[in-house]
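Notes for the structure review
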Amino acid sequence: MAADLVPYTTVQETHIQLTNEANANAHDIHCPACKSLILKRGVATQVEHDASVNLPSYTSTTAPPFNWAVPTMMHFENIGFSHAVDGRRFLACADCEGGPVGYAGEGTFLIAGDRVRYGVGR
Ligand SMILES: [Zn+2]
């Protein structure tokens, strides 16, 4: 499984370390559907999820265990906006429109830790 794109459930089960010593993402982050690269390793910071924000249903959960945060759209390799819900703009894969995989916050863009796949061992 060294070169697999790993879903969050597997990350949990196998206790894969997702952050590096700088609290940044240690692995490339990919779209769960089409596997497009969303964030390169090292560009996003792990932050707690704002519990008041629920993402529209995509996988089984609506409140991520944590988010990956970047300050600008330019940090993404590939991202798009999905429809807005209650004035909030959600992020989706620009290639396949899969998602939402995160949302736009105040001066930050957040990718849900459990809605992406991780390029572990790549
Ligand atoms: Zn995609």
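Going by what an unreviewed UniProt entry lists, the chain is known as Mss4-like protein and is assigned to Spizellomyces punctatus.

Counting its regular elements, the chain contains one helix and ten strands. Over its C-alpha atoms the chain spans a radius of gyration of 13 Å, differing by no more than 12% from the 14 Å that the globule rule assigns to 122 residues. Taken along the three principal axes of its C-alpha coordinates, the chain extends 40 × 30 × 25 Å. Out of the 122 residues in the chain, the part that is buried amounts to 34%.

Within the secondary structure, Lys-35 sits in the loop between β2 (28-30) and β3 (37-39). C-beta crowding within 10 Å serves as the criterion here: with 15 such atoms nearby, Lys-35 is assigned to the partly exposed category. With residues near it in sequence (within four places) discarded, Lys-35 still touches Leu-5, His-30 and Arg-117.

Moving on, we come to the nonpolar core. Soluble globular proteins tend to pack their nonpolar side chains together in the buried interior. Core analysis: the largest hydrophobic core is formed by 25 residues, its most contacted members being Ile-29, Ile-38, Leu-39, Leu-91, Val-101 and Ile-111. When contributions to this core are tallied by element, the ones reaching two or more residues are β1 (5-7), β3, β5 (67-70), β7 (88-92) and β9 (108-112). Among the elements that take part in this core, β9 stands out by supplying four residues, more than any other.

Burial along β5 is two-sided: the face carrying Asn-67 and Ala-69 and the face carrying Trp-68 and Val-70 are both buried. Here strand β4 (residues 45-47) pairs with β5 via three bridges, running antiparallel. By the bridge assignment for β5, Thr-45 is matched with Ala-69. Summarising the sheet, β5 and β9 pair through four bridges and their orientation is antiparallel. Across the sheet, the residue bridging to Asn-67 is Ala-112, located in β9.

Rules of the game
Residues numbered from 1 in each chain as written. Predicted model: local features only at pLDDT ≥ 70, side-chain atom pairs only at ≥ 80, totals over all residues. Helix = DSSP H or I, 4+ residues; strand = E, 2+ residues; numbered from the N terminus. Rg over C-alpha atoms; globule rule 2.2 N^0.38 Å. Buried ≥ 20, exposed ≤ 12 C-beta atoms within 10 Å, placed from the backbone. Contact = placed C-beta atoms within 7 Å. Core = buried A, V, L, I, M, F, W, Y, C linked by C-beta atoms within 7 Å. Pairing = 2+ DSSP bridges.

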